[in-house]
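Each chain, letter by letter, is given below.
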Amino acid sequence: MGEGDELCGQEDLFCVWSKNIFKAACEVFCIDDDHGGQDDKNSIFHNDSTWKPNKYRFSIVAEVTELAAALCHLHKRKVVETRIISRQNLLHESSGRSTILVCLQIGDTQELNYVPGDHVGIHPTNQEELVEKVMERMEELPAFNDVIRVETLLETQTEQGPQRKWVSEKRLPPCTVFQALSHFLDITTPPSPELLESFAELATDPKEKKELEELTQGTHKYEDWKWECVPTIADVLEEFQSVRVPASLLLTQLPLLQPRYYSISSSPDVYPSEIHLTVAVLKYRTRRDQGPVRHGVCSSWLNHISPGDTVPCFIRRAPLFHLPSDISVPCMLVGPGTGIAPYRSFWQQRLYEIENQGWKPCAMILIFGCRHSQMDHLYKEEVMVAKEKGVFKEIYTAYSRDPGWKKVYVQEIIQTQLPVELFHILNSMKGHLYVCGDVTMAQEVAKTVQEIIAAQGDMSLNDAATYIAKLQDENRYHEDIFGVTLRTREVTTKIRSTSLTCWQGTKSMIGSA
Ligand code: FAD
Ligand code: NAP
């Protein structure tokens, strides 16, 4: 097994790893030099997937595959088509940002079963303008409305000698090029070094060719470029005008457009045929905030589509983030910003149980965090109503940018106001702690919880870490992590510089070995 860090040196480490794994595989399967030269062996890894002119062609087919069925086939998931019913910006318009409540309707014949805490995977559509920009630079394009299938020339060795035949590529369903770039292929993630290598081969301007070759070689240069400019395929083709890119290259070599996950923000008991999402609309500038504006693919798409439009999605179970089956145990919920998303399904569920089933669940504690009390306090009124009706015992809010006030984060509230209560809940009451949102926040909350357990339980930090591991084993310490979402640029730069030091160390160890 090898490990790579996406933020630093992953390409280089993969090359070293793949060579080693190949050597090991040859030994395991007793493939020695008699079975062919080194070139043959190396080609095994790259044989089928690399693009070469004349290796691909298009055939025109009669019918396009229906979108949900195509996505099911492509991602091996049970994708169904929901429709957007409504969208509402939850932030004050003067905040300059958008966090939206998106309500999706599940069709009568569709089956989408979920419980509070589960995730929904959304298959987004790429921005039309970007698709058009890419298409403008593609060569050997079929006609716009032609439904095509990509075919590969397959070479096999037979007793009669090498034989060639055209076979259908299974990766993409029959579709037009516009559909492929809109729904199935990732056109916004910076292109990989392998794809840049193909572009370098196709570049006719020697200066551009050299620049592209340089990018594909030194990892540093590639990664600095990737993180600084965050270039999409359209940007690269715009920058390197002499690259003539055949349609078959992009259709076969671009990665698949991946679904985005969202924590479900509704209870199926309250909204049996709906799914609600709380989505932070991603917008940032490249080149240290001086470059062009970038829009997150899925969050921006959800922010632009109209009521009635189709949203293909699937449910992903999150059994480690469900409410306890014993409603009498206490729960503490921690989630700043969009980290509040799954808790809306929790409070709706509890409200339903109180009002419709006559249950008396133990009232929960919510610790939320946002920048300004007046602008981005998500679901403030809903939470207050839920408290009045007995869902919450206490609600705490950490404001980080309220003018005239000290910056406060959720972990500080736990540390300063709730250490005794937290330990009592976890230790004496066998209660549950839920943490949802950004990874750095979750790590800092975990550190705070460890310190509190050590202090309150009169134990060492190491013992407190073991205590937390036990809570996790008992499914009482729950985390729902979104990735790096808060202070993305700052955190990414910090992680990159730390990773760089580790990576240089690993590299010099590999070198000396
Ligand atoms: P993309 O097009 O995927 O762009 C995101 C990428 O942009 C990042 O990976 C990063 O590489 C880059 N980027 C971001 N900011 C910067 C910057 N400042 N500088 C340079 N590059 C940058 N999100 C929610 O809003 N609500 C939820 O409930 C939610 N739940 C989640 C649950 C899980 C389990 C997971 C894994 C994630 C969840 N997310 C949630 C995040 C969500 O899945 C998407 O990642 C998010 O909406 C962004 O997707 P996008 O397609 O809009 O952006
Ligand atoms: P937010 O409003 O940016 O932040 C919520 C609160 O968390 C703020 O008070 C913030 O304080 C605080 N915070 C920051 N770092 C923290 C830490 N380490 N520990 C605890 N609290 C911390 O959150 P949001 O509404 O969820 O929006 C997040 C932003 O991320 C959006 O602008 C969105 O575009 C983007 N986003 C990115 C992705 C992605 O995939 N990269 C996904 C979703 C959202 P500060 O005042 O210090 O910031």
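See the structure above.
Please read all numbers here as calculations on a predicted model, not as lab measurements.

Calculation rules
Residues numbered from 1 in each chain as written. Chains lettered and ligands numbered in written order. Predicted model: local features only at pLDDT ≥ 70, side-chain atom pairs only at ≥ 80, totals over all residues. Heavy atoms only, no water. Phe/Tyr/Trp six-rings, centres within 6.5 Å; stacked < 30°, edge-to-face > 60°. Helix = DSSP H or I, 4+ residues; strand = E, 2+ residues; numbered from the N terminus. Near = heavy atom within 4 Å. Polar contact = N/O pair within 3.5 Å; in protein donor to acceptor, adjacent residues only side chain to side chain. Nonpolar A, V, L, I, M, F, W, Y, C, P; charged D, E, K, R; others polar. Domains from an automatic or database assignment. Axes fitted to C-alpha atoms, helices over the stretch in contact; angles between N-to-C directions. Parallel < 35°, antiparallel > 145°, perpendicular 65-115°, else oblique. Contact = heavy atoms within 4.5 Å.

**Q** Sorry if this is basic, but what is going on with the packing of aromatic side chains here?
**A** What describes a pair of aromatic rings is the distance from one ring centre to the other and the angle between the planes of the rings. On inspection of all chains with the given rule, the structure shows twelve aromatic pairs. Measuring from centroid to centroid gives 5.6 Å for phenylalanine 14 and tryptophan 17, while their planes differ by 35°, and the two rings are tilted. Of this pair, phenylalanine 14 and tryptophan 17 are both found in helix α1 (residues 10–28), three residues apart, which corresponds to roughly one turn of the helix. Seen from their ring centres, phenylalanine 144 and phenylalanine 178 are 5.5 Å apart, and the 45° between their planes marks the pair as tilted.

**Q** Before we go on, may I ask you to explain the site of ligand 1 in this structure?
**A** By nearness alone, 22 residues border ligand 1, and Tyr261, Tyr262, Thr278, Cys298 and Ser299 come closest of all. Within the contact set of ligand 1, an oxygen atom lies 3.2 Å away from a backbone nitrogen or oxygen of serine 263. Within the backbone of valine 297, a nitrogen or oxygen atom sits 2.9 Å from an oxygen atom of ligand 1. Listed by contribution, the elements that provide at least two residues to the shell around ligand 1 are β9 (260–263), β10 (274–280), α12 (297–304), β18 (477–483) and α19 (488–512). Broken down by element, the residue count for the shell around ligand 1 peaks at four residues, all from β9. Taken together, the residues of the shell around ligand 1 sort by class into eleven nonpolar, seven polar and four charged. Among the domains, domain 3 (70–126 + 258–316) and domain 4 (323–490) are the pair contributing at least three residues each to the shell around ligand 1.

**Q** I tried to follow the packing of helix α16 (residues 419–428) against helix α17 (residues 439–456) on my own but got confused; where do I start?
**A** Working note: a packed helix pair is described by the angle between its axes plus the distance between those axes. Two numbers describe how α16 lies on α17: the axes approach to 10 Å, and their chain directions differ by 85°. Of the possible angle classes, the one that applies to α16 and α17 is roughly perpendicular. For the pair α16 and α17, contact is made by Pro419, Val420, Leu422, Phe423 and Leu426 and by Val449, Ile452, Ile453 and Gln456, respectively. For the contact of α16 with α17, the per-class residue count stands at eight nonpolar, one polar and no charged.

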